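A look at the structure
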Amino acid sequence: MDNVHSQTHPRNRTPLACCLIALLAASCFPHFATAQSVRRPIEVFGYFQNGFEQQYDTQSKRRSTTFVMQQLNLFFQKELGNDLTSFVNFETVNSFSSYRRWGAFNLEEAWLRYRTGRSSNIKVGLQIPIFNNLNEISNRTPILPYALRPLVYETSFNEIIPNEEYVPNRAFVQYYGFHQTDLAKIDYAAYLGNGPNINGGYDNDQTENSLRTGVDTSQTVLVGARVGLRSSHVKVGLSGTLEHTNLLKVVDTELAEALDIPTSDLLDLTQVRLGGDFSAEYRSFEIESEFIMVRIKDPSPVVSLRRTFYYVMLGKWLGERTFGFVSMMSTFDKFDTPIVFQLADVDVPTFGVAVHLSDALTAKGQYAYAMVNVEEDLRIHKERLHYFAFALSVVL
Amino acid sequence: MCQCRTQIGLRCRLTSLALLGVLAIGGLNPSAAQIAVVAHQQVPADSPSRRELLDYYTGDIQTWTNGRRVVLYDLRNNEQMRTAFYDYLGKTSSRMKAIWLRRKLSGEGAPPLLADDEHQLVDTISRTEGSIGFAHLDLADSLKMKVLLVIPDPAENN
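Just so you know, these numbers come straight off a predicted model, no measurement behind them.

**A word on the overall build of chain B**
Scanning chain B from N- to C-terminus turns up six helices and five strands. Buried residues in chain B amount to 43% of all 158 residues. Contacts in chain B between residues at least 24 apart in sequence constitute 74% of all its contacts with a sequence separation of at least 6. Entry remark: accessible area of chain B is about 8700 Å², with carbon and sulfur atoms responsible for 56%.

This is the structure we're talking about:
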């Protein structure tokens, strides 16, 4: 009965809340009122990437070959006024089929952008925040020459590499833009979002939010920013986020008991993420690189978590339509306590080529050699994989 | 040494005169080969710098100083002219396409609208507020549109 009351009470407040939000929006966005008279059609566009992959494990001599519909994204965009735009992005990965329980279907973005000036914007709603050079566009496969993206950005590997631990995937309010100077543009972005403690429906947190999935169960938010410099041929930037994480989602309470520390020591730990990016073009050459470090500021010196990622790519345009590249990427993931030790180290040298067959079609080919070292409680496991991938990216 | 230079200079001048003669005989106007950046009459810009022009065409800046939306135009079937224009901006045609695709797929802007030919482009620009594009100088009617700048012939710079 209490539950019924607690659920109906907020509903009664909804019309009042809506009125308040509408009034706030009208005062913040003066063009919004006039925008209502402008009727522009909704734009639907997107892209998909199909691929063929072959993997050969040199240890087990096992070969696996597969076709895959790596990713499909559908966008819905509507100009609500001169300065106001709404945007929705649906994404499916790995030959999605709910009937067969394959892949995944995600609502990636649903935001409203207001241009506050000629070079500044505010974006409100579910969005991918600006972090390094690749985060925002990492799932825009037609833009990238890779069939296999830098590891922490490869959405179709999400089941193997925890992308969201490395890069912030969701923000809800972001202010961004650039400031022009004589020499270069100064890019800036600042955002707020949810921390990693999202209720996935599998835990029993006794919090007010535990009734709903997809909501942050902690009392804090993610805070992030990027500052960069950009000229017509060089781009460099530093990014960072600060959030609170709950290690009890990674380990169980037995760890706290074994270490003889209160479980609260594994809750709401401050997690810092630091990133840097550099990209430049010179004549027909391009270089891109990034690093990411994730650390947990440990209140009890018995738990240590370190994650690092870097990649560097050197590419060359071979004519107007063909781009060739060589690249090196690496992730290092270490979780260390007096009783549990886990280490995963992945190094991948790779090279490939992308051919723009037309404005809407890009064919890609790539070879990668993955060196995987996993160490868990004195057991060492090594894998050496040859990986071939061919993909066709299509803009809709 | 000096005599040598004089002889070379004289030869160059004679070559230039011969080239002008060929152009005159062929009925070619040198301005016909020059590319002009044109815009709607009411666009609040007179002579944008190369950097400003690049900002408009890359979508970094999407409004004029009066708040009106910048409407970009490009040519569908004139690769030579497109190449010359984007060369002037310091970009290749393929890099510009990559920039536009990134903007479009991020919801941050749209690529330029495409005109089938220069006649259609200048006609549309004369009628569309906030529009900007490029065409041969002799097609730009200064009574109907603004000529913001004339792109120097790269051959002259060399």
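Anyway, onward from the coordinates.
**Structural notes on a nonpolar patch on the surface**
Residue and element names in this part refer to chain A. The grouping of Val124, Phe172, Val173, Leu192, Val221, Val223 and Leu242 at the surface amounts to a nonpolar patch, some 520 Å² of accessible area in total. If you list the elements that add at least two residues to the nonpolar patch, you get β6 (171-180) and β8 (221-230). As for its placement among the helices and strands, Val221 is situated in strand β8.

**Quick look at the sheet that holds strand β5 (residues 145-151) of chain B**
All names here are of chain B. With mixed pairing, five strands are arranged side by side in an open sheet as β3-β2-β4-β1-β5. Because the sheet does not close on itself, it has two edges, and the strands there are β3 (113-115) and β5. For this sheet the average axis-to-axis angle between neighbouring strands, irrespective of direction, equals 30 degrees. Relative to strand β4 (residues 131-136), strand β2 (residues 71-75) runs parallel, the two sharing two bridges. Counterpart to Leu72 in the pairing with β4 is Ile132. Across the sheet, helix α2 (residues 50-58) is in contact with β1 (35-40), β2, β4 and β5; its angle to β4 comes to roughly 115 degrees.

**Describing the pairing of β6(A)**
All names here are of chain A. The pairing of strand β5 (residues 120-127) with β6 spans six bridges and is classified as antiparallel. Residue pairing across strands places Ser120 opposite Gly177, the latter belonging to β6. As paired strands, β6 and strand β7 (residues 185-194) are joined by eight bridges and run antiparallel to one another. Considered in β7, the bridge of Tyr175 is made with Ala190. Connecting β6 to the antiparallel partner β7 that follows it, the hairpin turn spans four residues.

**Here's the deal with empty space enclosed by the protein**
On inspection of all chains with the given rule, the structure shows one cavity of 30 Å³ or more. Volume-wise, the largest cavity comes out at about 50 Å³. In terms of lining residues, the largest cavity is bounded by Glu109(A), Trp111(A), Lys123(A), Ile128(A), Glu136(A), Arg140(A), Ser106(B) and Glu108(B).

Here is what the cut-offs are and how they apply
- Residues numbered from 1 in each chain as written.
- Chains lettered and ligands numbered in written order.
- Predicted model: local features only at pLDDT ≥ 70, side-chain atom pairs only at ≥ 80, totals over all residues.
- Heavy atoms only, no water.
- Helix = DSSP H or I, 4+ residues; strand = E, 2+ residues; numbered from the N terminus.
- Buried < 20%, exposed > 50% of the residue type's maximum accessible area, 1.4 Å probe, protein only.
- Contact = heavy atoms within 4.5 Å.
- Areas by Shrake-Rupley, 256 points an atom, 1.4 Å probe, with all protein chains shown as cover.
- Patch = residues over 30% accessible without salt bridge, like charges linked within 9 Å, V, L, I, M, F, W, Y side chains within 5 Å.
- Salt bridge = Lys/Arg side-chain N within 4 Å of Asp/Glu carboxyl O.
- Pairing = 2+ DSSP bridges.
- Axes fitted to C-alpha atoms, helices over the stretch in contact; angles between N-to-C directions.
- 1 Å grid on protein atoms, 1.4 Å probe; cavity = no way out; pocket = protein on both sides within 12 Å on 5 of 7 lines; lining within 4 Å.
- Points joined across faces, edges and corners; volume = space filled by probe spheres on them.

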